[in-house]
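Architecture and fold: a report
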Amino acid sequence: MAERGLTLMAVHAHPDDEATSTGGVLARYAAEGITTVLVTCTDGRCGDGPGGVKPGEPGHDPAAVVAMRQEELEASCAALKVSHLETLGYADSGMMGWPNNDMPGAFWTTPVVEAADRLAELIRRYRPDVVVTYDENGFYGHPDHIQAHRITMAAVAMTDIPAKVYWTTIPHTAFAEFGRVMKELGVEWAEPDAGDAPGPQLGLPDDEITTWVDTSSYGVQKFDALAAHASQTENIFFLRMGRDRFVELMGRETFVRVRDTTGAALPEDDLFAGLR
């Protein structure tokens, strides 16, 4: 396997998602000579516009936001040394319940099989050994994240090519640490609470996480990739830590392994365990 070269594919919903949960592994594996492929499913049109103008506010121009966020995505990929960027170009659906959910061309309303066919074509082209995406709840319930999960799992089933598939997650202990740091910085922070309203909870107990990847040497690249999405700075709260604190605290990325043909033992510290 190593002779033909290994490939990682990360499937994300919006420009900037690639840096938040997988910036470290994209940078690390690129540095190790592994081909990295980023698939971004939507155009990000529901993000902030120039000057922080919100969707629906006067002056928010979706076409201008799309162009701006494409440039930012390319800059992020350059920071992470991503080998190949593929964009599916579906319209950003906005948050759950927004009118954009049902607009023509919205990713959320696109038939899963249609989008999965397009992703399956990319899987056949790049033949990734490892695929990473979100869990069934899209980590936090965003419709485009949920749809990215659905089409990824469908495309994997169609192709049967990836040896391993992972879902991104965060351990509950990390949430507690983020909360402490955010409060130090004067940022309001509501930690997940099992007693809150019913529904999927954010992250997982530490003992349910299968894969802990050390990305501490790539913290600067990850920060720079997030910072490349300058138009969305208000929404990327990790940047409020500042680079030094960010690098100190964001040195590990965690996953749940949901497909494996290698027999690699768990827990593991490498997405490519059993493949090299």
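Residues numbered from 1 in each chain as written. Predicted model: local features only at pLDDT ≥ 70, side-chain atom pairs only at ≥ 80, totals over all residues. Heavy atoms only, no water.

Taken together, the side chains of M95, W98 and Y140 present a nonpolar region at the surface, about 270 Å² in accessible area. Structurally, M95 can be placed in the loop between β3 (84-90) and α3 (112-126). (Patch = residues over 30% accessible without salt bridge, like charges linked within 9 Å, V, L, I, M, F, W, Y side chains within 5 Å. Areas by Shrake-Rupley, 256 points an atom, 1.4 Å probe, with all protein chains shown as cover. Salt bridge = Lys/Arg side-chain N within 4 Å of Asp/Glu carboxyl O. Helix = DSSP H or I, 4+ residues; strand = E, 2+ residues; numbered from the N terminus.)

Looking now at the pairing of strand β1 (residues 7-12). In terms of burial, β1 is largely enclosed, as six of its six residues are buried. Residues of β1 alternate between two faces, with T7, M9 and V11 on one and L8, A10 and H12 on the opposite face, all of them buried. Two strands pair when backbone bridges link them, and β1 and strand β2 (residues 35-42) are joined in this way by six bridges, in the parallel orientation. Bridge pairing links T7 to T35 in β2. (Buried < 20%, exposed > 50% of the residue type's maximum accessible area, 1.4 Å probe, protein only. Pairing = 2+ DSSP bridges.)

Let us now look at the sheet that holds β2. Pairing in this open sheet of seven strands is mixed, and the strands run β3-β2-β1-β4-β5-β7-β6 from one edge to the other. Every interior strand has two partners, whereas the edge strands, β3 and β6 (211-214), have only one. Recorded for the sheet is a direction-independent mean angle of 25° between the axes of neighbouring strands. As paired strands, strand β4 (residues 130-133) and strand β5 (residues 164-169) are joined by four bridges and run parallel to one another. Residue pairing for β5: V132 is matched across the bridge by Y166. Those strands touched by helix α1 (residues 17-31) are β1, β2, β4, β5, β6 and β7 (252-260), and its axis lies near 175° from that of β1. (Axes fitted to C-alpha atoms, helices over the stretch in contact; angles between N-to-C directions. Contact = heavy atoms within 4.5 Å.)

What follows covers the pairing of β4. Neither face of β4 is open: one carries V130 and V132, the other V131 and T133, and all of them are buried. Relative to β4, β1 runs parallel, the two sharing three bridges. Across the sheet, A10 pairs through a bridge with V132, a residue of β4. As a crossover connection, the stretch from β4 through helix α4 (residues 143-159) into β5 is right-handed. (Right-handed = clockwise from strand over helix to strand, strands pointing away.)

Another aspect to go through is the confidence of the model for the protein chain. Summary statistics for the protein chain give a mean pLDDT of 90 and a share of 93% for residues scoring 70 or more. Segment residues 192-199: pLDDT under 50, and five contacts once partners within four positions in sequence are set aside and those in other chains are kept. (pLDDT = per-residue confidence, 0-100.)

Applying the stated rule across the entire model yields 15 salt bridges. Here D43 ties to R45 by a salt bridge, and the two come within 2.8 Å at their closest N and O atoms. Since its relative accessible area comes to 11%, D43 is described here as buried. When its relative accessible area of 31% is taken as the criterion, R45 is described as partly exposed. Salt bridges sharing common partners tie together R28, E32, D270 and R276.

Right, let's talk about the environment of G186 for a bit. Considering the arrangement of structural elements, one finds G186 in the loop between α5 (172-184) and β6. Residues G186 and V82 lie 104 residues apart in sequence; the distance between their C-alpha atoms is 34 Å.

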